[in-house]
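Reading the structure
Now for the letters of each chain:
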Amino acid sequence: MSEVPTAPDAAVHPRPVVLIGPMAAGKSAVGQTLRTRHGYRLIDSDARIVAAQGTIPEIFAHHDEAHFRRLEAAAIGEILADPDSVGAIVSVGGGAPMTPAVARLLAETTVVYLLVDEQTVAERIRTEGDRPLLAGHPLQRWRQMYAQRHETYERLADLVVDARGHRDLVTLADEIHEHLARAAGKEQR
Ligand SMILES: Nc1ncnc2c1ncn2[C@@H]1O[C@H](COP(=O)(O)OP(=O)(O)O)[C@@H](O)[C@H]1O
Ligand SMILES: O=C(O)C1=C[C@@H](OP(=O)(O)O)[C@@H](O)[C@H](O)C1
Ligand SMILES: [Mg+2]
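Residues numbered from 1 in each chain as written. Chains lettered and ligands numbered in written order. Predicted model: local features only at pLDDT ≥ 70, side-chain atom pairs only at ≥ 80, totals over all residues. Heavy atoms only, no water.

One finds Ile20, Ile89, Leu106, Trp142 and Ile176 to be the most contacted residues of the largest nonpolar core, which totals 53 residues. Residue contributions to this core peak at seven residues, all from helix 4 (residues 65-81). With near-sequence residues (within four places) excluded, Leu106 lies in contact with Val18, Ile20, Leu80, Pro97, Val111 and Leu156. (Core = buried A, V, L, I, M, F, W, Y, C linked by side-chain atoms within 4.5 Å. Buried < 20%, exposed > 50% of the residue type's maximum accessible area, 1.4 Å probe, protein only. Helix = DSSP H or I, 4+ residues; strand = E, 2+ residues; numbered from the N terminus. Contact = heavy atoms within 4.5 Å.)

Structure, rendered in structure tokens:
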């Protein structure tokens, strides 16, 4: 049986912890590492949308971006309102914080920003993969979106984790876990 253990090591953080940052920063991958290594419950808003609506390329092929943003905002709203999300790690898509309703929700919870630069993501986004907004010229599109978004990421962040230069997933997950454990300890005092 390959059940995920009930996380003796997970910091019981009093609120959901949302991972934000640009496409290919590692939000989903770091979230998985926090789950497997430290036992956090992980909720990925894109995975939830895909389970209900089909793949992200399919959604963008049949609808416009505004439609995707409504689905995304609804999914994140549901996740953050669920009492079971307390202490969970929530990874969201790179564009989610740009929706004002989502930004308002993020201002009320704990937000971890994975900071990367284009050198770090270049190889990861050599092709658009399942990210339709990178179609055509992935690195150029990524750069444009980063320029439009990074101030919002910075404004919402409670913790900025430097994920530049290929720092490994375990190191990043451990850094986040240690921060959350410390913050949870302070809340209990
Ligand atoms: N620090 C890292 N070290 C090695 N590979 C990484 C790292 N961060 C992300 N990746 C890889 O890069 C790709 C994009 O990461 P992903 O977690 O999907 O990014 P995001 O969810 O932020 O868009 C995945 O294949 C992932 O495994
Ligand atoms: O930045 C964006 O606008 C998007 C990021 C993607 O998620 P990741 O950041 O996990 O790649 C996904 O939500 C969609 O393709 C749009
Ligand atoms: Mg992701």
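On to the sheet that holds strand 2 (residues 42-44). As summarised here, the arrangement of the five strands in space is 2-3-1-4-5, forming an open sheet in which the pairing is parallel. With partners counted over all chains shown, the strands left at the sheet margins are strand 2 and strand 5 (159-162), one partner each. In this sheet, adjacent strand axes meet at a mean angle of 25 degrees when their direction is disregarded. In this sheet, strand 4 (residues 110-115) lies alongside strand 1 (residues 17-20) in parallel orientation, the contact comprising four bridges. (Pairing = 2+ DSSP bridges. Axes fitted to C-alpha atoms, helices over the stretch in contact; angles between N-to-C directions.)

Contacts to ligand 2 come from 13 residues, most closely from Lys27, Arg69, Gly94, Arg131 and Arg149. A distance of 2.6 Å is found between an oxygen atom of ligand 2 and a side-chain nitrogen or oxygen belonging to Arg131. Contact between ligand 2 and Arg149: an oxygen atom at 2.7 Å from a side-chain N or O atom of the residue. Protein coverage of the free-state accessible area of ligand 2, which is 380 Å², stands at 95%. A per-class count over the shell around ligand 2 returns five nonpolar, three polar and five charged. (Near = heavy atom within 4 Å. Polar contact = N/O pair within 3.5 Å; in protein donor to acceptor, adjacent residues only side chain to side chain. Areas by Shrake-Rupley, 256 points an atom, 1.4 Å probe, with all protein chains shown as cover. Nonpolar A, V, L, I, M, F, W, Y, C, P; charged D, E, K, R; others polar.)

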